[in-house]
Amino acid sequence: MIDKLLKKINLCVISQMEVEVIDHSVEMLGKGILESLQMSKVMNKVVFVSFPKISKFGNFVFRKGRFIVSLLPVQKPVIRLDIFKSLWVFLNSVVNYFKIVLFLSKLIDKERVNLIKVENIALLGFPVFLVSKFKGVPYVLWVAGPELKVLGMKLSYFKPLYLVVSFAYKVLARFVIRNAVAVINISPESTDLVLSMNPRVYKFLNANYVDTTLFRPKECTLKKEKYVLLYVGRLEQEKGIELLIDSVKKLSKMRSDFELWIIGYGTMYEQLKKLSEQGLPIKLLGKKDIRGLPRYYNCADVFIFPSLVEGPSAALLEAMACGVPVVSTTGPIKNYENGILVDRDSDSIVKAIVTLLDNKALRNKLSRNAARFVRGMVEKYLKELYLVYILAYKKAT
């Protein structure tokens, strides 16, 4: 019965990630596109929509069976540490809302979309709310992180602007949350805000998607001469990059038998590059297609996730699925069973890293338990997700 209902769904997934196109092929730089590809195997059709990395690919469309990728006609806004540039970003976002609404309205008609999933509230949630009203297509809201907290970090240099943005965000959130046919929340810090808006259907999942056929323990095939500490993710303030830097500085004064591999890109890339050039044991590997990440995870001795916001990060779970011992400030960690959960300070992180590097038996134990835990978690996650989609589809028909 569930399979038959899923086959009736033409799902449009609207993601805030950026997709890079190389030689007219899609670079998969995040778990969202991989999850959508998985959904296309059980649904009638899945259309994945995201921001283009560069504007010239705004009309790019990729098709593979029942899976389609289409790029928005606007680029993802980036908040700068400059009051005038930030103001321009917010003003330009209003114009972009209308461009997104027009684009999605045409796409929904063309692909006969009957259900939408949209990530987060401010960036894309409000345009989807408008499209839903105009076209009569219901949407499921996916809350992946505390957007307001992250905006507060990025706008900490100018509090009056943050107060205005915060007010506008809460107004938008009321429309987006209350009109969603269902809200899926994986961010503990967003729970109070979401529930205060009285969503029609609310589901909290302390989980995320991982392709466990791709992310699984294997032998290391890359050359390494020291212990490898690994970080995978955006290089932004809210991801705890300053905490990561402080931890590596302290650890490098204690021992020289390690190096930190970093996969990802963001506004803090240049700062990390300078530190690497100054002799800090950091190896910047840039962005990688998600399908190539397992070879790096499987060479890591410890994965570090120092995030300043809570939630089950896809990168954290991918590392665990590959059997990498993890040191994290958040996530579904059973302390010293499938990982080590630490406070958000560099001393705690360094202590946990040293404990793991000096205790092979503990690393092996956490490795086995982590991989087993993620396999079980993903099975439950997909079942819950499918049930929400079916509920949303039923309410719309």
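Located above this text is the structure these notes cover.
Attention in this report is confined to the structure presented alongside it. (Residues numbered from 1 in each chain as written. Predicted model: local features only at pLDDT ≥ 70, side-chain atom pairs only at ≥ 80, totals over all residues. Heavy atoms only, no water.)

1. Notes on the overall build of the chain
Formally: Helix and strand assignments come from DSSP, with helices taken as H or I runs of at least 4 residues and strands as E runs of at least 2, each series counted from the N terminus. C-alpha atoms define the radius of gyration in this analysis, and the globule rule sets the expected value at 2.2 Å times the number of residues to the power 0.38. In these tables, accessible area is a Shrake-Rupley quantity obtained with a 1.4 Å probe, and a residue counts as shielded only by the protein chains included in the view. In this tally, Lys and Arg are treated as positive and Asp and Glu as negative; His is ignored, and so are the chain termini. Note that the charge is assigned to NZ on lysines, CZ on arginines, CG on aspartates and CD on glutamates.
Along the chain, the regular secondary structure elements total 13 helices and 15 strands. Relative to a compact globule of 397 residues, whose C-alpha radius of gyration would be 21 Å, the chain shows 21 Å and is just as compact. Carbon and sulfur atoms make up 54% of the accessible area of the chain, which totals about 18000 Å². Taken as two groups, the 60 positive and 35 negative side-chain charges of the chain have centres that lie 7 Å from each other.

2. Some words on the packing of helix H8 (residues 241-254) against helix H9 (residues 269-277)
What counts, and what does not: To get an axis, fit a line to the C-alpha atoms, keeping to the stretch in contact for a helix; angles then go from 0 to 180 degrees between the N-to-C directions. Roughly parallel here means an angle under 35 degrees, roughly antiparallel means over 145, roughly perpendicular means 65 to 115, and every remaining angle is called oblique. Contacts are assigned to residue pairs that have any heavy atoms within 4.5 Å of one another. Side-chain classes are defined by residue name, with Ala, Val, Leu, Ile, Met, Phe, Trp, Tyr, Cys and Pro counting as nonpolar, Asp, Glu, Lys and Arg as charged, and the others, Gly among them, as polar.
Axis separation between H8 and H9 bottoms out at 11 Å; the angle between their running directions is 10°. What the angle tells us is that H8 and H9 run roughly parallel. Along its contact with H8, which presents Ile-241, Glu-242, Ile-245 and Lys-249, the element H9 presents Gln-271, Leu-272 and Leu-275. Of the residues contributing to the contact of H8 with H9, the split by class is 4 nonpolar, 1 polar and 2 charged.

3. So, the layout of surface pockets
Which entries qualify depends on this criterion: For each structure, a 1 Å grid was placed over the protein atoms alone; sets of points admitting a 1.4 Å probe that cannot get out are labelled cavities, open sets with protein on both sides within 12 Å along at least five of seven lines are labelled pockets, and lining residues have an atom within 4 Å of a point. Grid points are joined across faces, edges and corners, and a volume is the space filled by probe spheres set on the points.
Put simply, the second largest pocket is a space of about 300 Å³. With 4 residues, the single largest contributor to the lining of the second largest pocket is helix H13 (residues 360-396).

4. Overview of the environment of Gln-271
On the secondary structure map, Gln-271 appears in helix H9. A sequence separation of 198 residues divides Gln-271 from Pro-73, and the C-alpha atoms of the two residues are 31 Å apart. Setting aside anything within four residues of it in sequence, one finds Gln-271 in contact with Glu-242 and Ile-245.

5. Points about unusual backbone geometry
Backbone geometry follows two general trends: most residues other than glycine have a negative phi, and most peptide bonds adopt the trans configuration. What counts is decided by this rule: Buried residues are those whose accessible area, probed at 1.4 Å on protein chains only, stays under 20% of the maximum for their type, while exposed residues exceed 50% and partly exposed ones sit between those limits.
Residues other than glycine seldom take positive phi values, yet Arg-112 does so here, at roughly 55°. Exposure remark for Arg-112: the relative accessible area of 66% places this residue in the exposed category. Phi is positive for Asn-120, close to 65°, though the residue is something other than glycine. The topology assignment puts Asn-120 in the loop between strand E6 (115-119) and helix H4 (125-135).

6. So, the sheet that holds strand E11 (residues 258-263)
Applied cut-off: When DSSP finds two or more bridges between two strands, those strands count as paired.
Strand order in the open sheet formed by 6 strands is E12-E11-E10-E13-E14-E15, with parallel pairing between adjacent strands. At either end of the open sheet lies a strand with only one pairing partner, and these are strand E12 (282-284) and strand E15 (340-341).

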